[in-house]
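These are the residues of each chain, in order.
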Amino acid sequence: MLPRRVVARALWVSLLAGGLCITGGRLGAAQTPAQEPSSSVGVVFVLVPYGEPGTKDPHADGETQALEADLKAAGIPTSMVAPIDHLRAVAGAVDLCRQNAAAGLLIAEGRYEQTEHTSMIPMLPVQVSKYPSHVELRLDEIDCRSTVVWSAHATGDQTVEGANFGFSTAGNVGSAIDNGFRNATAVVVVALTKAPAPNPTQMPTTPVPAQPAAPSASASNVYLLVPFEQPDLADPRAPDITHSLAAKFQERHLAAKIGSPIDRLTAVATAPALCSGNGATAIVVPSIRLEQAKRSHAELRLDLLDCNGQVVSSAVSEADIGMGLVYGGKAMIKVAEDAMDPALDQLFSPQPKQ
């Protein structure tokens, strides 16, 4: 038997497929003839891939596959779309819902880090290397009005180890991160099966405003910087990286104000309040992927929102630094800073049509 939440969502999808229209907050008959309800459960969610366009995250595809498989096993029907910038997916939720006859979107975001600890075996010239790996994952449900209506968070920690005889016997250390993601994914999907069913009255009836032209960097604008740190996804380096980004705006003689930490996907629906509450004329929403092995690597993504919650420009850039005099947390901050200027150049340049 399907979970109650899934049955309720299936009914909502049947209403969509039959030509649902909303009038005055009540369900009304569509102008087209009613269709017979499908005997099978239809698409409930648009599943947005974990990896966004341009990413080189080696674990992104695996996380998307794990999420799709766990949702299927839980009896929650989904329709996966091509990789898309997550903020653009949220802003375009109404179109994605209609194109897929879905009741909402599912978007997973997360972070991971892996460190190395080496110790000697007493009385033997042998080292043992351990690779503790930490994964954090958040699954958001977004309704067709671009509002985050439900969220779940989970962690997955794994450690691999092996003796080092001049070469490591720990095997594929990256598998620890993949296993951590799989464990965290299982937890958030179970939570989703127990969450409230979507409200049919949330399907909007008006089209999303056309995407405005990308603005140029202007001293007359006040940019609200959404912090890198987010509730639950608490990278300890994030506050420093946020302040570094604010400093980059100051170097360009652009006014920027750092906001309070939020789930970054909520910025689309709350953009009017964020602008008015902070005296801002635009919002910059960042995300970053950091990794450190024999080098420090940063993959930085920036989205620029207007005060109506529309994404007007996007940027993605990378940076690398070797393991020289700067290492550890300082290297992670430094490599993030190195990625900022190229990303800001992209953000304020003419954007290709999406």
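These numbers come from a predicted model, not from an experiment.

Analysis parameters
Residues numbered from 1 in each chain as written. Predicted model: local features only at pLDDT ≥ 70, side-chain atom pairs only at ≥ 80, totals over all residues. Heavy atoms only, no water. Phe/Tyr/Trp six-rings, centres within 6.5 Å; stacked < 30°, edge-to-face > 60°. Helix = DSSP H or I, 4+ residues; strand = E, 2+ residues; numbered from the N terminus. Buried < 20%, exposed > 50% of the residue type's maximum accessible area, 1.4 Å probe, protein only. Salt bridge = Lys/Arg side-chain N within 4 Å of Asp/Glu carboxyl O. Contact = heavy atoms within 4.5 Å.

J.: Before we go on, may I ask you to explain the packing of aromatic side chains in this structure?
T.: What the rule picks out here adds up to five aromatic pairs. For the ring pair tyrosine 50 and phenylalanine 181, a centre distance of 5.5 Å and an interplane angle of 70° mean the geometry is edge-to-face. A residue pair is termed long-range when its members are at least 10 positions apart, and tyrosine 50 in the loop between strand 3 (45–48) and helix 2 (60–73) and phenylalanine 181 in helix 5 (residues 174–193) qualify at 131 residues. Comparing tyrosine 50 with phenylalanine 181 shows no difference in burial state: the two are buried.

J.: When you look at the pattern of salt bridges in this model, what are you seeing that I'm missing?
T.: With the rule as written, the count across this model stands at 20 salt bridges. A salt bridge links aspartate 263 to arginine 138; its shortest N-O distance comes to 2.9 Å. With aspartate 263 in the loop between strand 10 (255–258) and helix 7 (267–278) and arginine 138 in strand 7 (residues 127–142), the pair connects residues that are 125 residues apart, well separated along the chain. For aspartate 263, a relative accessible area of 11% corresponds to the buried category. Between lysine 334 and aspartate 338 there is a salt bridge; the shortest N-O distance is 3.0 Å. Note that lysine 334 and aspartate 338 are positioned in helix 8 (residues 328–347) at a spacing of four residues, about one turn of the helix. Here lysine 334 falls in the partly exposed class, since its relative accessible area comes to 34%. For aspartate 338, a relative accessible area of 30% corresponds to the partly exposed category. Among the charged side chains, a network of salt bridges with common partners joins Glu52, Asp85, Glu109, Arg138, Asp140, Asp263, Arg264 and Arg301.

J.: Looking at this model, I keep getting lost on the side chain of aspartate 235. Mind explaining?
T.: Here aspartate 235 is to be found in the loop between strand 9 (222–225) and helix 6 (238–251). In this view, aspartate 235 contacts Arg111 and Leu290; residues no more than four positions away in its chain are not counted.

J.: Help me out: how do you make sense of the side chain of asparagine 100 in this one?
T.: Within the element layout of this structure, asparagine 100 appears in helix 4 (residues 93–100). For asparagine 100, a relative accessible area of 18% puts it in the buried group.

By themselves these figures say nothing about function.
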